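Coordinate analysis (summary)
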Amino acid sequence: MSGALLMLLSKTANSFEMIMVGRFLYGINAGVSFFIHIMFVVECTPKRLQGMVGVTATTFISIGKFCGQLLGISELLGTDERWQWLLGFNGFPALLQLLTLPLLPESPHYLLLHKGDRQGCEKALRRLWGNKDHSVDMEEMLEQHAAAEEVRSHSVMELIRNQAVRWQLLTVVVTFSSMQLSGINAVYFYSYEVFRGAGLREDQLRYAALGISLCEVSTSVACFMIVNSIGKKPLIFGGYMCMSATLILLTVTLYLQHQVQWLSYCSMVLIFFFISFFSCGPAGNTPPLPGEIFNQSFKSAAYSIATTINWLCMFLLGMLFPIIVEHFGSFCFLIFLFFTFACGLFVRFNVPETKHRSVLEITAEFQKMHRKHEKLQKRQSTEEKAYETKF
């Protein structure tokens, strides 16, 4: 609300400093609230629906981006007379959220596992999931509580030092850094050049951008509809592999489009494909991961690390991308290809499926997967030593 107020008054005060401060406040809210929202809704959702509900955060972000671009066209608020209303429009959803937050119950997981309030947890469950017997769900929460080493929440440093969850931590680091380093911002950057090459006029580019945002919204909705039947792991892995193939083709078409005119249309189609694969795969399924693979005592620290990595990678990419484009041109996509392909392989071989599974089941699956790897490495090491001794 404060940032929106500064934006609205910046034109009257003729102050660009107010815009900078307002943008800074917007950034703080975006960085903190996004993952708090995901953690809250996942904790308030039955296990069978957690996959679908986790995707809704990305879906509504896509809808917000589309609405922002729609409001920004010259026919609406994108004019010299109304631009301050465009910048301050965030105040309206913020006000709506402030008015509705008191109506929401506290997270049942938080009430039971942190406060020890069994009665409050039952009341919240009945409010959220309906008036029926929730004793099974509560027993599952208590099992998670009993499996945790301590009741209190762990700090970030304790999470980093804890060997028992190192593969979960590595999963968060790899997936969240790759989501920003996948080239999605580079594709958005080159989309305008591709649309110009396809013959669109400058005044038509904003409508093409709306088309991209609409594509992102539609694929996010599709991800919401299929994630419970397909599972998150196939969607993330398949998304990264399809993105890798698209980046290769996009590099070729962008390089040759000046020699072959019709390749500009191929590049335009590939941009829509890339954004669809990104929205339906990594973008839709990565943000809820920390809340699904860590137990209650590690969740806050895991989301803190995920948030830091997400925004740090975005900041570094924003600073370095102009330099990369200047030196590599359209071949910059080959750099992003490394991250998409490597992350896809990492998810395929090191991350278990989370669909319809509790945190304890997912933790056990992590241990089972990587115990096999460790045994295989020890066996290979023993064979090598035996061979050396024999030699």
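Note: the structure precedes this text.
Being a predicted model, the structure only gives us computed values, none of them experimental. (Residues numbered from 1 in each chain as written. Predicted model: local features only at pLDDT ≥ 70, side-chain atom pairs only at ≥ 80, totals over all residues. Heavy atoms only, no water.)

1. Observations regarding unusual backbone geometry
Unusually for a residue other than glycine, N14 sits at a positive phi of about 55°. With respect to the secondary-structure elements, N14 resides in the loop between α1 (2-13) and α2 (16-43). Judged by its relative accessible area of 73%, N14 falls in the exposed class. Of note in this structure, H356 is not a glycine but carries a positive phi near 60°. Topologically, H356 is positioned in the loop between α18 (333-350) and α19 (359-390). (Helix = DSSP H or I, 4+ residues; strand = E, 2+ residues; numbered from the N terminus. Buried < 20%, exposed > 50% of the residue type's maximum accessible area, 1.4 Å probe, protein only.)

2. Details of the packing of aromatic side chains
Within this structure, the stated rule accounts for seven aromatic pairs. Summarising the aromatic geometry, the rings of F195 and F272 are spaced 6.3 Å apart at their centres and angled 45° between planes, so their arrangement reads as tilted. Here the residue F195 occupies a position in helix α11 (residues 184-197), and F272 occupies one in helix α14 (residues 263-280), the gap between them amounting to 77 residues. Looking at F195, the relative accessible area reads 1%, which means it is buried. (Phe/Tyr/Trp six-rings, centres within 6.5 Å; stacked < 30°, edge-to-face > 60°.)

3. Some details on empty space enclosed by the protein
This model, assessed by the stated rule, comprises three cavities of 30 Å³ or more. Volume-wise, the largest cavity comes out at about 110 Å³. Surrounding the largest cavity, 15 residues form its lining, G51, E292, T354, K355 and H356 being those nearest its centre. Secondary structure elements with two or more residues in the lining of the largest cavity: α3 (50-71) and α12 (205-230). Split into classes, the residues belonging to the lining of the largest cavity amount to two nonpolar, six polar and seven charged. (1 Å grid on protein atoms, 1.4 Å probe; cavity = no way out; pocket = protein on both sides within 12 Å on 5 of 7 lines; lining within 4 Å. Points joined across faces, edges and corners; volume = space filled by probe spheres on them. Nonpolar A, V, L, I, M, F, W, Y, C, P; charged D, E, K, R; others polar.)

4. Here's the deal with the environment of T175
Relative to the helices and strands, T175 resides in helix α10 (residues 166-180). Residues T175 and L289 lie 114 residues apart in sequence; the distance between their C-alpha atoms is 9.1 Å.

5. Section: the nonpolar core
One finds L159, F294, F333 and F336 to be the most contacted residues of the largest nonpolar core, which totals 63 residues. For this core, the element with the most residues is helix α17 (residues 296-328), which contributes 12 residues. Sequence-distant contacts of F336, defined by excluding residues within four places in its chain, comprise L181, S182, G183, A186, L247, L317 and F321. One finds L111, L112, L125 and M141 within the second-largest nonpolar core, a separate group that totals nine residues. (Core = buried A, V, L, I, M, F, W, Y, C linked by side-chain atoms within 4.5 Å. Contact = heavy atoms within 4.5 Å.)

6. A closer look at the side chain of S297
By the secondary structure assignment, S297 is in helix α17. Accessibility expressed as a relative area gives 4% for S297, which makes it buried.

7. Details of a nonpolar patch on the surface
There is a patch of nonpolar side chains on the surface, built from I248, V252, Y255, L256, F328, F331, L334 and I335 and spanning about 690 Å² of accessible area. Looking at the nonpolar patch, the elements that each hand over two or more residues are α13 (232-256) and α18. In terms of residue count, α13 provides more of the nonpolar patch than any other element does, four residues in total. Its location among the elements puts Y255 in helix α13. Residue Y255 is classed as partly exposed on the basis of its relative accessible area, which comes to 49%. (Patch = residues over 30% accessible without salt bridge, like charges linked within 9 Å, V, L, I, M, F, W, Y side chains within 5 Å. Areas by Shrake-Rupley, 256 points an atom, 1.4 Å probe, with all protein chains shown as cover. Salt bridge = Lys/Arg side-chain N within 4 Å of Asp/Glu carboxyl O.)

8. Remarks on the packing of α11 against α14
At their nearest, the axes of α11 and α14 sit 9 Å apart, and the two run at 155° to each other. When the interaxial angle is binned, α11 and α14 end up roughly antiparallel. Between α11 and α14 lies a crossing of left-handed hand. The residues of α14 that touch α11, namely those facing I184, V187, Y188, Y190, S191, V194, F195 and G197, are S264, S267, M268, I271, F272, F274, I275 and F278. A per-class count over the contact of α11 with α14 returns 12 nonpolar, four polar and no charged. (Axes fitted to C-alpha atoms, helices over the stretch in contact; angles between N-to-C directions. Parallel < 35°, antiparallel > 145°, perpendicular 65-115°, else oblique. Left-handed = near helix turned anticlockwise from the far one by under 90°.)

9. Regarding the environment of V156
The topology assignment puts V156 in helix α9 (residues 156-161). Distance in space between the C-alpha atoms of V156 and A302 is 7.3 Å, their sequence separation being 146 residues. In contact with V156, not counting residues within four places along its chain, are A301, S304 and I305.

10. Re the side chain of N310
In this fold, N310 is placed in helix α17. A residue is classified by how much of its surface remains accessible, and N310, at 4% relative accessible area, is buried. In this view, N310 contacts F35, F176, M179 and Q180; residues no more than four positions away in its chain are not counted.

11. Quick look at α1
With 12 residues, α1 extends 16 Å between its outermost C-alpha atoms, agreeing within 8% with the 16 Å of an ideal straight helix rising 1.5 Å per residue. Among all positions of α1, only G3, A4, M7 and S10 are buried. Along α1, the residues classed as buried sweep out an arc of 110° about the axis, all on the same side. Among the exposed residues of α1, those pointing more than 90 degrees away from its buried face are S2, L5 and T12. Contacts made by the buried residues of α1 are with α2, α4 (83-87) and α5 (91-100). Two residues or fewer past α1, N14 is found with a positive phi of approximately 55°. (Expected span 1.5 Å × (residues − 1). Arc of directions from axis to C-beta.)

Geometric descriptors of this kind do not, in isolation, establish any biological role.
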